[in-house]
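Observations on the model geometry
Chain by chain, the residues:
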Amino acid sequence: MTTLSRSMAVLAVAACAAAAVSCGSGGTTGTALPVDDTAPSSSAPAPASPPAPAPAPQVETQTETVTVPAPAPVQPAQVVPCVDPNSLNVRTAVANLGTDSQGGVFVIDDHTPGTSADGCPTLEWARATGTGIRNGTVQSHVLFFTNSGDYLGTATSDAYSYTSVVGATDSTVTVRYRWLNPDDALCCPSNTSFVEFDLTGNTITPYGEFPPPN
C-alpha cells in the first residue's frame, strides 16, 4: 500500500469514529441505534381526569304543625240520691200502681236514705202511700229498686194499711205490717208481723207472715 492510500484509510476511520457510526472494513454505510419505545413522548396527550360525581339531589323537607288537644278535665262523679222520687223510673213505677181503695193516687212519702257519695245499697226501696183515705187506715205499697235504677216490683200485690220499712241491709229490706182486730181502734192495731225481703240476683224472696187479704 502506498503512503497516500494508508493516510486516506486513517482519515476514513477517524471520520467514522467522529460520526459515532460503525463502519465495515472498506464499507461506507452505517447501522442506526434502536429506538426505545418505552420512553415517554413529549408530544403525547395527558391522561383525561375522571368525571366529577353528580351532585346529590336536594330533598325538600316539609314540616307540619299538629295541635294536640288537651285532655278533658276529669269531672267529679255526680252525687245523686239513692232513691229520687222525681226520677223517671220512680215516677213511672208509682204511676203504674193505680189508685187506693178510695180512688186516691199514690205518692212517695219514704225511701232509702243517703246519696251515691255514701254508697247506695244493692236493694233500694220506696214507700208509696195513697191519698184517698183520710184516717189512720191509709194504704201503702213498698216498691223495690236496684241501685242501678231497675224497678223490681212491689212487696205485695195489694196495698196495706199500717205499712212501714223498719230495717235494711245491702240486700235485704224488712217491712212491718199491722192490722186491726174487729174491736180495735183505728189508732191501735193489735196485730203485727215482719217480713224480710231478700234480693238474690234480680229475684226477691220474702220471709215472714203477711197480713190477711183486704
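An account of the accompanying structure is given in this report. These figures come from a predicted structure and were not determined experimentally.

Quick notes on the rules
Residues numbered from 1 in each chain as written. Predicted model: local features only at pLDDT ≥ 70, side-chain atom pairs only at ≥ 80, totals over all residues. Heavy atoms only, no water. Helix = DSSP H or I, 4+ residues; strand = E, 2+ residues; numbered from the N terminus. Buried < 20%, exposed > 50% of the residue type's maximum accessible area, 1.4 Å probe, protein only. Polar contact = N/O pair within 3.5 Å; in protein donor to acceptor, adjacent residues only side chain to side chain. Contact = heavy atoms within 4.5 Å. Disulfide = S-S within 2.5 Å. Core = buried A, V, L, I, M, F, W, Y, C linked by side-chain atoms within 4.5 Å. Arc of directions from axis to C-beta. Phe/Tyr/Trp six-rings, centres within 6.5 Å; stacked < 30°, edge-to-face > 60°. Salt bridge = Lys/Arg side-chain N within 4 Å of Asp/Glu carboxyl O.

Tracing the backbone through its elements, the reader meets Thr-112 in the loop between strand E1 (106-111) and strand E2 (123-130). Among the residues examined, Thr-112 registers a relative accessible area of 4% and is labelled buried. From its side chain, Thr-112 meets the backbone nitrogen of Trp-125 in a polar contact 2.9 Å long. Setting aside its immediate chain neighbours within four residues, Thr-112 contacts Cys-82, Val-83, Pro-121, Glu-124 and Trp-125.

This part takes up the state of the cysteines. Per the stated rule, a full pass over the model turns up one disulfide. Across the disulfide, Cys-82 is cross-linked to Cys-120 (sulfur-sulfur distance 2.1 Å). Around the S-S axis, the bridge from Cys-82 to Cys-120 shows a dihedral of about -90 degrees and counts as left-handed. One end of the pair, Cys-82, is in the loop between helix H1 (3-18) and helix H2 (88-95); the other, Cys-120, is in the loop between E1 and E2, and 38 residues separate them in sequence. Given a relative accessible area of 10%, Cys-82 falls into the buried group.

This part covers the nonpolar core. Core analysis: the largest hydrophobic core is formed by 14 residues, its most contacted members being Val-142, Phe-144, Val-173, Val-175, Tyr-177 and Phe-197. At the level of secondary structure, the elements contributing two or more residues to this core comprise E2, strand E3 (139-146), strand E7 (172-179) and strand E8 (191-200). For Phe-144, the contacting residues outside a window of four places in its chain are Leu-123, Glu-124, Trp-125, Asp-150, Tyr-151, Leu-152, Gly-153, Thr-154, Ala-155, Val-173, Phe-197 and Ile-204. In terms of nonpolar packing, the next biggest core, distinct from the first, is built from 11 residues, Val-90, Val-94, Ala-128 and Phe-145 among them.

Note: most peptide bonds trans; most residues except glycine with negative phi. Positive phi, close to 55 degrees, is recorded for Tyr-162, a residue that is not glycine. The topology assignment puts Tyr-162 in the loop between strand E5 (160-161) and strand E6 (163-168).

The next thing to look at is H2. Among all positions of H2, only Val-90, Ala-93 and Val-94 are buried. Here the buried residues of H2 occupy an arc of 95 degrees about the axis, which is enough to place them on one side. Facing away from the buried surface of H2 by more than 90 degrees, the exposed residues are Leu-88 and Ala-95. Buried-residue contacts for H2 involve E1, E3 and strand E4 (151-154).

What follows concerns the side chain of Thr-174. The residue Thr-174 is located in strand E7 in this model. Setting aside chain neighbours within four positions, we find Thr-174 in contact with Ser-164, Val-165, Val-166, Gly-167, Phe-194, Val-195 and Glu-196.

The tally for this structure, following the rule as stated, stands at five aromatic pairs. Ring centres of Phe-145 and Tyr-151 lie 5.2 Å apart, and the angle between their planes is 40 degrees; on these two criteria the pair is classed as tilted. Aromatic pair Tyr-177 and Phe-210: ring centres 5.9 Å apart, planes at 50 degrees, arrangement tilted. Here Tyr-177 is found in strand E7, whereas its partner Phe-210 is found in the segment after strand E9 (203-208), with 33 residues between them in sequence. The buried category is assigned to Tyr-177, whose relative accessible area is 2%. Look at Phe-210 and you get partly exposed, because its relative accessible area is 31%. Linked through ring pairs, Phe-144, Tyr-160, Tyr-177, Phe-197 and Phe-210 together constitute an aromatic cluster.

Inspection of the secondary structure assignment puts Ser-148 in the loop between E3 and E4. Sequence separation between Ser-148 and Thr-122 is 26 residues, and the spatial gap between their C-alpha atoms is 8.2 Å. A polar atom in the side chain of Ser-148 sits 3.5 Å from the side chain of Asp-150.

Our next topic: the pattern of salt bridges. Tallied over the full model, the rule gives one salt bridge. Across the salt bridge formed by Arg-127 and Asp-109, the nearest N and O atoms sit 3.1 Å from each other. Here the residue Arg-127 occupies a position in strand E2, and Asp-109 occupies one in strand E1, the gap between them amounting to 18 residues.

Limitation: the analysis is restricted to geometry and does not speak to function.
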